[in-house]
Amino acid sequence: MKRWNEKYHDKFKRHSLSGQLMDMRNLEAAWKKVRANHGSGGTDGETIESFEAQKEQKLAEIQRLLKERRYEPQPVRRVYIPKPDGRQRPLGIPTIGDRVVQQALKNIMEPIFEEIFLSGSHGYRSGKNAHQAIRKAEGYIGRGYHWVVDADIQGFFDHVNHEILTDLVREKVADGRVLDLVEAMLKSGVMTEEGFEETTEGTPQGGVISPLLANIYLNHFDRRMGEEGYLVLRYADDLLIFCKSDWEAEKALRAAKRILEEELKLNLNPGKTRIVDVREGFAEFLGFRFNDRYLLPTDKAIESYKEAIRHGTRRQQPRNVRMVIAGINPIILGWGRYFGYRTAEPAFRRLDGWTRARVRSFKAKRRTGWIIRKALPEERELVSLVSLRTR
C-alpha cells in the first residue's frame, strides 16, 4: 500500500490522547450520546436503564480499567435485520459499556481525522448529508461529467482488513493505548446462537465507531483516486466516479479496482458495478436514480415504501381507518422528506394514488385497492407525498 513518508508526517501525529479518552467529562458526554440513541443491550444483558441506575459506578469502573490498561471489549451480539430483497443484514450490538467507550474514542478521534477527510466523502460526517451529496452529483453532471462509474464494494463492512485499518489509524495517531483499544475492539469477536466466533476481519455494522473506521479506511481510496486525477463522490461504501468520456470512465474503473484490490484488499461487485452515460441511462446513488434531467427513487426504495404501507394497512388489525392513517403518516413523512428532494412529481402522484387506494381498500376490507375510487372523508388526514416535494 502506498504510504506517506512516515518520518515527515510523524510530527503531525497525535501522541498523547489517553488523557482525553479517560477524562470523566468525555466519558459523561459519551454516555449521554449512547443513552440518547437508545438501542438494546449486548451480550452481558445490561440495558440502558440498568446502566443509568448505576451510572456513576459504571463510568468510574470504565475509567479505572482504561487507566490500568485492563479494559477488554466484550463480543458483540449478532442480530439480523431484513433487507428489501428478502435477505438479512447482520448487525453487531456491543454492550452498553463498550458503546460508551467506543463513543468516547470517537469523540477524540473524529476531529483528528476530519482534518484529512476529503470533500467528496459525505457519509457519517458532521455537517454533511445525503442530499448534499446528491446536489454535488447534479453539479458534476451539469459541468459535463456525463460518464459515471457506479461502483459497489462487495461486502465492505465484512472484509475490512484489520492490519491495513490500524496502519491507516497510525497515520494520525501514535498513542499506544488508543491504538491497542482500536485493535481490541476489532478483534472482540461475535456471539451468535451457535456460540463465540472470532473476528479476523471486518468491522461490525452496529458499532458506534464503525462508521468512523469505515471513513478512515476508504479515505485512502479517496486520496489515491484523487492523486490519479479522478472525481470521487462517496457516502460510506456507496460511491460514484465522474468522468467526461467513456474511455476515461473505463480507465477510472480499472484504477478503482486496482486500488481497492491491491491496497485495501477489497473487491468490486461485478454484478452491481457499471459505467453509465447519464444522457442515456440512470445512475443510482443513496436510493435515487438520476440522469441529466431528473431524480427518481430507485425501484428498491419504492418497494420498501410500499411494503411498509402494506403492513400498515393490512386488513387483519382491530383499528379504524383514522387509526390506520395515523399509523402510516409517519412512514409517509419520513420517506417523503428524504425522497422529496427534487423527485419528479409524477412519481409521487402515482404513489399518493396507490396509498389512498390502500386506505380505501382497508376500510372496505377488500383485497384490491385500485377499483375502489370513492374518496373517504378521513383521507383529508392523510399526508401527501406531493406536498413534501422540494425543488
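Because the structure is a prediction, the values reported are computed rather than measured. Per-chain numbering applies: the sequence of each chain, read as written, is numbered from 1 onward. Given that this is a predicted model, residues contribute local features only at a pLDDT of at least 70 and side-chain atom pairs are listed and counted only at 80 or more, while totals for whole chains, interfaces and linings are drawn from all residues. Excluding hydrogens and water, the side-chain values take into account all heavy atoms of the structure.

**Here we look at the overall build of the protein**
Reasoning step 1: Looking only at helices and strands, the protein features 14 helices and eleven strands.
Reasoning step 2: C-alpha extents for the protein along the principal axes are approximately 70 × 60 × 35 Å.
Reasoning step 3: Buried residues are those whose accessible area, probed at 1.4 Å on protein chains only, stays under 20% of the maximum for their type, while exposed residues exceed 50% and partly exposed ones sit between those limits. Taking all 391 residues of the protein together, the buried fraction comes to 50%.
Reasoning step 4: A contact between two residues is defined here by any heavy atoms of the two lying within 4.5 Å. Excluding contacts between residues fewer than 6 apart, the proportion of contacts in the protein whose partners are at least 24 apart in sequence is 72%.
Reasoning step 5: Using a 1.4 Å probe, accessible areas were evaluated by the Shrake-Rupley method; residue-level cover was limited to the displayed protein chains. Accessible surface, the protein as shown: approximately 19,600 Å² in total, 49% of it carbon and sulfur. Starting at the N terminus, helices and strands are each numbered in turn, a helix being any DSSP run of H or I of at least four residues and a strand any DSSP run of E of at least two.

**Considering the nonpolar core**
Considering soluble globular proteins, one finds that nonpolar side chains tend to be buried as a cluster.
Reasoning step 1: What we call a nonpolar core is a set of buried Ala, Val, Leu, Ile, Met, Phe, Trp, Tyr and Cys residues that are connected through their side-chain atoms within 4.5 Å. Ranked by internal contacts, the top residues of the largest apolar core, which has 67 residues, are L105, M109, I216, F221 and I241.
Reasoning step 2: It is helix α6 (residues 96–114) that contributes the most residues to this core, nine residues altogether.
Reasoning step 3: The contacts of L105, once residues within four sequence positions are left out, are L21, V178, L181, V182, M185 and I209.
Reasoning step 4: Grouped together as the second largest cluster of nonpolar side chains are 41 residues, A137, A301, F348 and V359 included.

**Thoughts on the sheet that holds strand β11 (residues 295–297)**
Reasoning step 1: The three strands lie next to each other as β9-β10-β11, forming an open sheet whose pairing is antiparallel. Only two strands of the sheet have a single partner each, and these edge strands are β9 (283–285) and β11. Averaged over neighbouring strand pairs, the angle between their axes works out to 30° when direction is ignored.
Reasoning step 2: Following DSSP output, two strands are said to pair if at least two bridges run between them. Taken together, the three bridges between β9 and strand β10 (residues 288–290) define a ladder with antiparallel strand orientation. Bridge pairing links F285 to F288 in β10. Helix axes are fitted only over the stretch in contact, all axes being lines through C-alpha atoms; the angle between N-to-C directions runs from 0 to 180 degrees.

**Quick word on the pattern of salt bridges**
Reasoning step 1: Salt bridges are identified by distance alone: a Lys or Arg side-chain nitrogen within 4 Å of an Asp or Glu carboxyl oxygen. As enumerated under the stated definition, the model contains 31 salt bridges in all.
Reasoning step 2: One salt bridge connects K58 with E46, and the closest N-O pair in it is separated by 2.7 Å. Taken together, the residues span a long stretch of sequence, with K58 in helix α5 (residues 55–67) and E46 in the loop between α3 (24–37) and α4 (48–53) at a distance of twelve residues.
Reasoning step 3: Residue K58 is classed as partly exposed on the basis of its relative accessible area, which comes to 25%.
Reasoning step 4: The buried category is assigned to E46, whose relative accessible area is 12%.
Reasoning step 5: Residues R170 and D167 are paired through a salt bridge, measuring 3.1 Å at the closest nitrogen-oxygen approach.

**So, the packing of aromatic side chains**
Reasoning step 1: Pairing of aromatic rings covers Phe, Tyr and the six-membered ring of Trp, with a centre-to-centre limit of 6.5 Å; geometry is then stacked below 30 degrees between planes, edge-to-face above 60, and tilted otherwise. The tally for this structure, following the rule as stated, stands at 14 aromatic pairs.
Reasoning step 2: A ring pair is formed by F288 and Y338, whose centres lie 5.5 Å apart and whose planes are at 35°; its orientation type is tilted. Of the two residues, F288 is situated in strand β10 and Y338 in helix α13 (residues 321–339); the sequence distance between them amounts to 50 residues.
Reasoning step 3: Take F288: its relative accessible area is 0%, and that puts it in the buried class.
Reasoning step 4: The partly exposed category is assigned to Y338, whose relative accessible area is 26%.
Reasoning step 5: Chaining the aromatic ring pairs together yields one cluster made of F288, Y305, W335, Y338, F339 and F348.
Reasoning step 6: Should the NZ of a Lys or the CZ of an Arg lie within 6 Å of a ring centre and within 35 degrees of the ring normal, that charge is described as sitting over the ring. If you follow K244 out to its NZ or CZ, it ends over the ring of Y145, 4.8 Å from the centre.
Reasoning step 7: When the ring centre of F282 is taken as origin, the NZ or CZ atom of R289, which lies over that ring, is 4.1 Å away.

**Quick look at the confidence of the model for the protein**
Reasoning step 1: The predictor rates its confidence in each residue with pLDDT, a number between 0 and 100. Looking at the protein, the pLDDT average stands at 90 and 93% of residues meet or exceed 70.
Reasoning step 2: Per-residue pLDDT, averaged within each element of the protein, yields its smallest value for helix α1 (residues 6–9) (43) and its largest for helix α11 (residues 246–264) (98).
Reasoning step 3: Considering only residues more than four positions removed or in separate chains, one finds that residues 2–9, a stretch of pLDDT under 50, has eleven contacts.

**Some thoughts on the pairing of strand β1 (residues 76–82)**
Reasoning step 1: The pairing of β1 with strand β4 (residues 190–192) spans two bridges and is classified as parallel. Note that in β4 the partner of V76 across the bridge is V190.
Reasoning step 2: Sheet analysis places β1 next to strand β2 (residues 88–93), joined by six bridges and oriented antiparallel. Within the sheet, the bridge partner assigned to P82 lies in β2 and is Q88.

**Focus on the side chain of T166**
Reasoning step 1: Relative to the helices and strands, T166 is located in helix α8 (residues 162–170).
Reasoning step 2: When residues no more than four places from it in sequence are discounted, the contact partners of T166 are E183 and L186.

**Details of the side chain of T273**
Reasoning step 1: You can see T273 is positioned in the loop between α11 and β8 (274–277).
Reasoning step 2: When its relative accessible area of 15% is taken as the criterion, T273 is described as buried.
Reasoning step 3: In terms of polar contacts, T273 uses its side chain to reach the backbone carbonyl oxygen of N269, at 2.9 Å.
Reasoning step 4: The contact partners of T273, leaving out residues within four places of it in the chain, are D150, A151, D152, L253 and L268. Pairs of N or O atoms are called polar contacts if they sit within 3.5 Å, as long as, within protein, a hydrogen donor faces a hydrogen acceptor (for residues adjacent in sequence, only side-chain-to-side-chain pairs).

**Details of the sheet that holds strand β3 (residues 147–152)**
Reasoning step 1: An order of β6-β7-β3-β8 is seen for the four strands of this open sheet, with the pairing classed as antiparallel. If you trace the sheet from one side to the other, it starts and ends with β6 (231–235) and β8, each paired once. The sheet shows a mean angle of 25° between the axes of neighbouring strands, taken without regard to direction.
Reasoning step 2: With five bridges connecting them, β6 and strand β7 (residues 238–243) associate as antiparallel partners. Opposite V232, over in β7, you have I241 as the bridge partner.

**Some words on α5**
Within an α-helix, residues lying three or four positions from one another point in the same direction, as the helix has 3.6 residues per turn.
Reasoning step 1: A helix is expected to span 1.5 Å for every residue after the first. Here α5 spans 18 Å end to end across 13 residues, near enough to the 18 Å set by a 1.5 Å rise per residue.
Reasoning step 2: All buried positions along α5 are accounted for by K55, L59, I62, Q63, L65 and L66. Relative to the axis of α5, the buried residues are bounded by an arc of 165° and lie together on one face.
Reasoning step 3: If you follow the buried residues of α5, they end up packed against α2 (18–22), α3, α4, α6 and α9 (176–186).
Reasoning step 4: One or two residues past the end of α5 sits R69, with phi positive at roughly 55°. By definition, the arc is the one covered by directions from the helix axis to the C-beta atoms.

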